[in-house]
Amino acid sequence: NFTPNAFVEEMVAELKEKLGNDKVVLGLSGGVDSTVAAVLLNQAIGKNLYCIFVNNGLLRKNEFQNVLDQYKGMGLNVKGVDAGNRFLGELAGISDPETKRKTIGRVFIEVFDDESHLIEDVKWLAQGTIYPDVIESVSVKGPSATIKSHHNVGGLPDYMKLKIVEPLRMLFKDEVRRVGATLGIDPELLGRHPFPGPGLSIRILGDITPEKVQILQDVDSVFIEGLKSWGLYDKVWQAGAILLPVNSVGVMGDERTYEKVVALRAVESTDGMTADWVHLPYDFLMKVSNDIINKVKGVNRVVYDISSKPPATIEWE
Ligand code: XMP
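Here the structure is a predicted model, which is why all the values come from computation and not from measurement. Residue positions are given per chain, counting from 1 as you read along its sequence in written order. Since the coordinates come from a predicted model, pLDDT governs what is reported: local features require at least 70, and pairs of side-chain atoms require 80 or more to be given and counted, while whole-chain, interface and lining totals use all residues.

We now examine the packing of helix 1 (residues 4-19) against helix 2 (residues 32-45). Throughout, an axis means a line fitted to C-alpha atoms (over the contacting stretch in the case of helices), and angles, computed between N-to-C directions, take values from 0 to 180 degrees. Numbering of helices and strands starts at the N terminus; helices are DSSP runs of H or I of at least 4 residues and strands are runs of E of at least 2. Interhelical geometry of helix 1 versus helix 2 gives an angle of 60° and a closest axis separation of 8 Å. By the angle class used here, helix 1 and helix 2 are oblique. Here helix 1 and helix 2 pass one another in a crossing that is right-handed. Contact with helix 1, carried on its side by Val8, Met11, Val12, Leu15, Lys16 and Leu19, involves Leu40, Leu41, Gln43, Ala44 and Ile45 of helix 2 and no other residues of that element. Note on residue classes: Ala, Val, Leu, Ile, Met, Phe, Trp, Tyr, Cys and Pro are nonpolar, Asp, Glu, Lys and Arg are charged, and everything else, Gly too, is polar. When the residues that make up the contact of helix 1 with helix 2 are grouped by side-chain class, the tally is nine nonpolar, one polar and one charged. We call two directions roughly parallel when the angle between them is under 35 degrees, roughly antiparallel when it is over 145, roughly perpendicular when it lies between 65 and 115, and oblique otherwise. Helix crossings fall into two classes, left-handed where the near helix is turned counterclockwise from the far one by less than a right angle and right-handed where it is turned clockwise. Contacts here follow a simple rule: the backbone-placed C-beta atoms of the two residues must lie within 7 Å.

Our next topic: helix 9 (residues 210-229). Here helix 9 contains 20 residues, and its C-alpha end-to-end distance of 28 Å stays within 8% of the 28 Å for a straight helix at 1.5 Å per residue. To assign burial, the other C-beta atoms lying within 10 Å of each residue's own C-beta are counted, with C-beta atoms placed from the backbone; 20 or more indicates buried, 12 or fewer indicates exposed, and intermediate counts indicate partly exposed. Buried residues of helix 9: Lys212, Val213, Ile215, Leu216, Gln217, Val219, Asp220, Val222, Phe223, Gly226 and Leu227, and no others. Against the buried residues of helix 9 lie strand 6 (238-252), strand 7 (255-268), helix 10 (282-295) and strand 9 (299-304). Phi for Gly231, located one or two positions after helix 9, is positive at around 70°. To estimate the expected span of a helix, subtract one from its residue number and multiply by 1.5 Å.

Now for the sheet that holds strand 2 (residues 49-55). Strands pair, by our definition, only if DSSP identifies at least two bridges between them. The five strands are arranged 3-2-1-4-5 in an open sheet whose pairing can be described as parallel. This sheet does not close on itself; its edge strands, each paired only once, are strand 3 (78-82) and strand 5 (163-165). Here the strands of the sheet are splayed against their neighbours by 30° on average, with no regard to which way each runs. By the bridge criterion, five bridges tie strand 1 (residues 23-28) to strand 2 in an arrangement that is parallel. Pairing of Leu26 across the sheet is with Cys51, part of strand 2. Here helix 2 sits on the sheet in contact with strand 1, strand 2 and strand 4 (122-126), set at roughly 160° to strand 1.

Along its sequence, the protein is carved into domain 1 (4-190) and domain 2 (209-304). The gap between the C-alpha centroids of domain 1 and domain 2 is 28 Å. In this assembly, six residues from domain 1 lie in contact with seven residues from domain 2. When its residues are assigned to classes, the side of domain 1 that touches domain 2 shows three nonpolar, one polar and two charged. Those domain boundaries reflect an automatic or database domain assignment.

Okay, structure coming up:
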């Protein structure tokens with residue numbers, strides 16, 4: 001029987017004991033796990049925790065600045081590193097999903113490593129790894145491993161030579177949320193949908209350009225804000241938009257247009273291993289589709305993904 005208060009008390013004591021006066025570096029992602037890990041560590045060691053929040057240029061619209069401000073408001077010792085151009089430069093011309101993931105993983109480690117070297121005498125790397133990540137990274141070592149390479153776990157290059165501390169390693173997602181609530185973290189932050197590490201790159205099918213990222217950020221923002229204002233956001237486990245590598249014909253006045261198609265996806269799930277598409281109300285879909293087509297230049301068609309996992313994974317790549 002899990003009690004968040006007891007967990008916090010014991011873990012903070014354990015971290016104090018283990019880390020003493022050592023410096024610790026942690027990568028914040030804007031997600032629930034890394035945030036809860038950071039707040040716990042902050043309670044234990046305060047300013048000896050150095051958080052780094054990297055903008056890979058593939059986050060949701062305005063997310064980098066908003067989340068960075070939020071972290072600062074929480075009293076975390078955090079540095080925002082805007083590496084969007086570097087990531088997008090390295091990704092130029094790459095269409096293969098696994099190559100995208102590997103490229104992003106590599107560049108992230110490079111950026112993170114550079115930043116960690118700026119912290120004098122840092123001894124530990126903290127990670128927001130939770131129990132299902134531990135299980136999954138074990139199971140992906142098998143022959144079916146190549147389905148998707150999740151780079152959240154075990155991504156430490158040996159030249160970093162840091163000891164690893166993972167305070168959430170034994171917890172499930174709902175327990176992490178309860179710990180977060182006990183720590184006083186904003187419920188809106190704790191209720192955020194999961195978002196993949198490679199970000200929008202795996203929702204832009206085919207190659208990635210800054211223009212495509214911007215189109216998808218705008219589409220995604222209309223969709224997510226719509227879900228929130230209709231009271232649907234918390235009823236959905238994960239939602240997002242996908243930019244398809246096809247154009248379709250439309251009409252505008254007397255003109256025929258040939259523009260982008262986007263797919264919307266919203267799923268119910270408990271752990272992401274299986275998922276059902278959500279029966280979003282037709283009125284909502286109608287409104288959101290109109291808003292997207294009216295507001296986002298370059299998009300003339302919206303489709304809704306009605307596939308469940310298995311076999312259709314949540315992400316399209
Ligand atoms: P799939 O698409 O495999 O996704 O059904 C299951 C869950 O995992 C997320 N996902 C990822 N998360 N790096 C991540 O950090 C990845 O490469 C990655 N691929 C998928 C996906 O968003 C969903 O929550």
